[in-house]
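Remarks on the overall topology
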Amino acid sequence: MLVARFFPAVCLLLVSTPGWTQDEKNKSDIEKRIENAAKVLDEIMATPDKGIPDKIMGDAKCIAVIPSMVKIAVGFGGSHGKGVASCRLEKNKWSGVAPVTLTGGSWGLQLGGQAVDLVMIVMNDDGMHHLLSSKFKIGADASAAAGPVGRHAGADTDWKMKSEVLTYSRSRGLFAGVDLNGAAVTQDKDETRILYGKFVPFDEILEGKATATKMSKPFLSTLSNYTGPNRPEEKSATRPRSD
């Protein structure tokens, strides 16, 4: 009788445990991705002569970071990566983090199968509107160009009038050429549900209508550090990347 009484509870525990483990893994994955996106920015901005110009960071409408983008298959030229995006709000604040997926684009054969870190900076309202649509194709919907490097470069150039999106890509610490023409940027709906506990539309997040989660803090703090009025002249990358 005792065994029969407790048997259903034991079965429930055995059935439920894998679900808890998967939920914890999903939260861990998005949390690491947010942290790694912040570290990518830290590492790029740590070298003044190769960092993203301060003026571009200061004028950015939205910033998306795809850490460790990888090729889908050798010979096909496609790539796939997951990352996060945020858009500037009033009073120099930033929206909550929106999980994104990028598929397509290609990079040179010299990079082989190495992972590439990608930063996309939306420079004007048109580019921001394309991003808010939750799905846009670079080259078709939004123009993109490789951005200038050097923390103090480009101060006299109106980049906002030339390209909707400026891109920065690097592999193993070196800047690498990545052709994003034809690449599609979409909202990652599954990771949005994990991050916010429910599905929240892309535009609501990026327009500041959704409250930023605690998990988003590392990325948002890093954005504020490099885009605010008190942004540092240079910053050393001190945090190791999560595995």
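Residues numbered from 1 in each chain as written. Predicted model: local features only at pLDDT ≥ 70, side-chain atom pairs only at ≥ 80, totals over all residues. Heavy atoms only, no water.

This paragraph deals with the overall build of the protein. When helices and strands are tallied, the protein shows 6 helices and 11 strands. The 243 residues of the protein split such that 44% are buried. Looking at the protein alone, contacts between residues at least 24 apart form 71% of all its contacts between residues at least 6 apart. For the protein, the accessible surface area stands at approximately 12600 Å², while carbon and sulfur atoms represent 54% of it. (Helix = DSSP H or I, 4+ residues; strand = E, 2+ residues; numbered from the N terminus. Buried < 20%, exposed > 50% of the residue type's maximum accessible area, 1.4 Å probe, protein only. Contact = heavy atoms within 4.5 Å. Areas by Shrake-Rupley, 256 points an atom, 1.4 Å probe, with all protein chains shown as cover.)

Here we take up the pairing of strand 8 (residues 165-171). Counting buried residues along strand 8, 7 of its 7 residues qualify, which places the element largely inside the surrounding structure. Judged by which residues are buried, strand 8 turns out to be covered on both faces: Val165, Thr167, Ser169 and Ser171 on one side and Leu166, Tyr168 and Arg170 on the other are all buried. The pairing of strand 5 (residues 116-122) with strand 8 spans 6 bridges and is classified as antiparallel. Residue pairing for strand 8: valine 119 is matched across the bridge by tyrosine 168. The sheet contact formed by strand 7 (residues 144-146) and strand 8 spans 3 bridges and is parallel. Considered in strand 8, the bridge of alanine 144 is made with valine 165. (Pairing = 2+ DSSP bridges.)

In this section: the pairing of strand 5. The buried fraction of strand 5 is high, at 7 of 7 residues. Side chains Val116, Leu118, Met120 and Val122 of strand 5 all project onto a buried face; the interleaved residues Asp117, Val119 and Ile121 project onto the opposite face, where all are buried too.

Next up on the list: the pattern of salt bridges. Within this structure, the stated rule accounts for 7 salt bridges. With a closest N to O distance of 3.4 Å, lysine 82 and aspartate 188 form a salt bridge. A residue pair is termed long-range when its members are at least 10 positions apart, and lysine 82 in strand 2 (residues 79-87) and aspartate 188 in the loop between strand 11 (184-187) and helix 4 (189-196) qualify at 106 residues. Its relative accessible area of 7% is what places aspartate 188 among the buried residues. Residues aspartate 190 and arginine 193 are paired through a salt bridge, measuring 3.5 Å at the closest nitrogen-oxygen approach. Taken together, the residues span about one helical turn, with aspartate 190 and arginine 193 both in helix 4 at a distance of 3 residues. Three or more residues joined by partner-sharing salt bridges are found here, namely Arg33, Lys82, Asp188 and Glu191. (Salt bridge = Lys/Arg side-chain N within 4 Å of Asp/Glu carboxyl O.)

What follows covers the side chain of threonine 101. Within the secondary structure, threonine 101 is located in strand 3 (residues 98-103). Using a relative accessible area of 10% as the deciding quantity, one classes threonine 101 as buried. Polar contacts involving the side chain of threonine 101 include one to the side chain of aspartate 188, which spans 3.2 Å. Beyond its immediate chain neighbours, meaning those up to four positions away, threonine 101 contacts His80, Gly81, Lys82, Ala184, Val185, Thr186 and Asp188. (Polar contact = N/O pair within 3.5 Å; in protein donor to acceptor, adjacent residues only side chain to side chain.)

Structurally, the position occupied by asparagine 124 is in the loop between strand 5 and helix 3 (125-132). A sequence separation of 62 residues divides asparagine 124 from cysteine 62, and the C-alpha atoms of the two residues are 8.7 Å apart. From its side chain, asparagine 124 meets the backbone nitrogen of glycine 127 in a polar contact 2.9 Å long.

Here we come to the nonpolar core. Ranked by internal contacts, the top residues of the largest apolar core, which has 53 residues, are Val119, Ile121 and Phe219. For isoleucine 121, the contacting residues outside a window of four places in its chain are Ile52, Ile56, Met57, Ala60, Cys62, Ile63, Glu164, Val165, Leu166 and Tyr168. (Core = buried A, V, L, I, M, F, W, Y, C linked by side-chain atoms within 4.5 Å.)

What helix 3 keeps buried is the set Gly127, Met128, Leu131 and Leu132. End-on, the buried residues of helix 3 take up no more than an arc of 140°, which puts them together on one face. (Arc of directions from axis to C-beta.)

Here we come to the state of the cysteines. Considering all chains together, one arrives at 1 disulfide under this definition. Residue pairing for cysteine 62: its cysteine sulfur links by disulfide to cysteine 87, the two sulfurs lying 2.1 Å apart. In this structure the cystine formed by cysteine 62 and cysteine 87 twists about its S-S bond by roughly 100°; its chirality is therefore right-handed. Remark: cysteine 87 occurs in strand 2 and cysteine 62 occurs in strand 1 (residues 62-71); sequence separation between them is 25 residues. Cysteine 87 matches cysteine 62 in its accessibility class, with the two residues each being buried. (Disulfide = S-S within 2.5 Å.)

Moving on, we come to the confidence of the model for the protein. With 64% of its residues at a pLDDT of 70 or more, the protein has an overall mean of 75. Here residues 1-18 is a poorly scored stretch, pLDDT under 50, and it has 1 contact once near neighbours within four places are set aside; other chains count. Throughout residues 233-239 the model reports pLDDT below 50, and contacts reaching past four residues in sequence, or to other chains, amount to 20 contacts. (pLDDT = per-residue confidence, 0-100.)

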